[in-house]
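# Commentary on secondary and tertiary structure
Here's the letter readout for the chains.
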Amino acid sequence: MALLNRIGVFTSGGDAPGMNACVRAVVRTALANDLEVVGIRRGYAGMIDGDYVEMDGQSVSNIVQKGGTVLKSARSARFREPEWRAKAAEQLRESHIDALVAIGGDGTFQGAAAFHDEHGLPAVGCPGTIDNDLFGTDETIGYDTALNTALENIDRIRDTADAHDRLFLVEVMGRDAGFIALNCAIGGGAEMVLIPETFTEMGEIKDRVLSLMSAQTRSSIVVVAEGDEHGGAIRIEQAMRSDPAFGQIDLRVCVLGHTQRGGSPTARDRVLASRLGAAAVEALLAGHTNVMVGVSENEIKLTPMRNVWSRKKNINYELLKLTQLLS
Ligand code: F6P
C-alpha cells in the first residue's frame, strides 16, 4: 500500500448518537500517528462537492457527548452513479487524501465498496446506525442510545396507558431489523412484540390482543418494529379499528420516530465509538482496506466490507421466547 499521509473521515446515512465520539477518536488517533485529517462534510454528497475541512485536535473538542454529527450527514443519490463517484475520486485526489474512514450503515459501506473497486482508495468502515443490523459487530454505534430512548418513552407511555386502561401500539425504528423492538419490548415489559424477522398473522395478533385486554383490567403495550410485515403500527391500528371486536377497546398509537436518533450518546455508545474510531485508523495504518471494524465478544474484529450487508445478523430468538414467557 502507498504511504499514508492524509486521511478523510465522513459520516453518512442516518445519523446515530456516538458518531461524534467516533469522529473525535479517528481525528485524535490519526494526529497521534502523524497523519493529517480532513473532515468530509455531508457524507458522499460533500465528497462529490469538495466540501472538506481540515481537522486538528481542537476541532473535535467538546463533541464526545453530543448527538447528531458535527460533520453532518446525507443520503446521496448521486453517489450511486459511477460518474459521480469518479467526480468524488477527482476531488479527493486534488485534496491529496489517500485513505478514508467511513462512519455509517449498510448504504454507506455499499458506496464505499463500489468506490474502492473503481478507484482503489483504501477505506475502512465504522458501524454507525441505530438499527444494529450490520454483520461483523455485536452492536453498532448509536444502537444502545436509541434503545434506551425508546425504552424511556415506553415507560412514559405505560403510565398513561395504565391510567386509562388503554391498548397502545408503539412503533419503533430499525428499518428491516427488529433489534430495537425486541430489546425494548423486554425492557419495557411489553405484552407483545412484532418484528420483521418473524411472521405473525393479523388474526393471531388480534386474538392475542383481545385476550390480553379481556383478561386484564389493565393496559397493554404492543411494540411494533417499523419494518414489520404488516406495515407498522398505523396499519395495524386501521385493521383493528375496522374490526367490530375492537369496538370496546380504547386504542392509541405512538410512533416514536426520529426521537430515537437524537440525544446524547450513552456511556456504552461513547466507549464503543471511541474504540472503533481508533481501531479504524490503526487498521488503515496496518495496511487493511475495504473492511469494517467491529467489536465482537469485546474484541476488535475486521470484517470484509461486503459481508457486512450481504450476511444477515440474526436476532436472538431466545429473547423472543422470553417476551412471550414474561408477558
Ligand atoms: O437507518 C436508520 C434509520 O433511522 C432507520 O431506523 C429508519 O428507517 C431510517 O433511518 C429513517 O431514515 P430518514 O431519517 O432518512 O427518514
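Here is a short report on the structure shown in this document. All residue numbers refer to position in the chain's written sequence, counted from 1. Local features in a predicted model are, by the rule used here, given only for residues with pLDDT of at least 70; side-chain atom pairs are given and counted only at 80 or more, and totals for whole chains, interfaces and linings are based on all residues. As a rule here, side-chain values come from all non-hydrogen atoms in the structure, and water together with hydrogens is ignored.

### Quick look at the pattern of salt bridges
Whenever a carboxyl oxygen of Asp or Glu lies within 4 Å of a side-chain nitrogen of Lys or Arg, that contact is scored as a salt bridge. Inspection of the entire model under this criterion finds 19 salt bridges. With a closest N to O distance of 2.7 Å, Arg-6 and Glu-54 form a salt bridge. Of the two residues, Arg-6 is situated in strand S1 (residues 6-11) and Glu-54 in strand S3 (residues 52-55); the sequence distance between them amounts to 48 residues. Relative accessible area serves as the criterion here: at 12%, Arg-6 is assigned to the buried category. Here Glu-54 falls in the exposed class, since its relative accessible area comes to 51%. As a salt-bridge pair, Arg-306 and Asp-117 come within 2.3 Å of each other at their nearest N and O atoms. Remark: Asp-117 occurs in helix H4 (residues 106-119) and Arg-306 occurs in helix H10 (residues 305-310); sequence separation between them is 189 residues. For Arg-306, a relative accessible area of 40% translates into the label partly exposed. Working definition: helices are DSSP H or I runs of at least four residues, strands are E runs of at least two. Numbering for both runs from the N terminus. A simple rule labels every residue: compare its accessible area, found with a 1.4 Å probe on the protein chains alone, to the largest value its type can have, and call it buried under 20%, exposed over 50%, or partly exposed in between.

### With respect to the layout of surface pockets
A 1.4 Å probe that fits into a set of points on a 1 Å grid over the protein atoms alone but cannot get out defines a cavity; an open set with protein on both sides within 12 Å along at least five of seven lines defines a pocket, and lining residues are those with an atom within 4 Å of a point. Grid points are joined across faces, edges and corners, and a volume is the space filled by probe spheres set on the points. If you add up the space inside the largest pocket, you get close to 570 Å³. Lining of the largest pocket is provided by 27 residues; of these, Gly-13, Arg-75, Asp-106, Gly-107 and Thr-108 occupy positions nearest its centre. The classification used treats Ala, Val, Leu, Ile, Met, Phe, Trp, Tyr, Cys and Pro as nonpolar, Asp, Glu, Lys and Arg as charged, and all other residues, Gly among them, as polar. Of the residues that constitute the lining of the largest pocket, the class distribution is six nonpolar, 11 polar and 10 charged. A domain assignment, automatic or from a database, supplies the domain bounds used here. Viewed by domain, the lining of the largest pocket spans two of them, domain 1 (6-141 + 265-310) and domain 2 (143-262), each represented by three or more residues.

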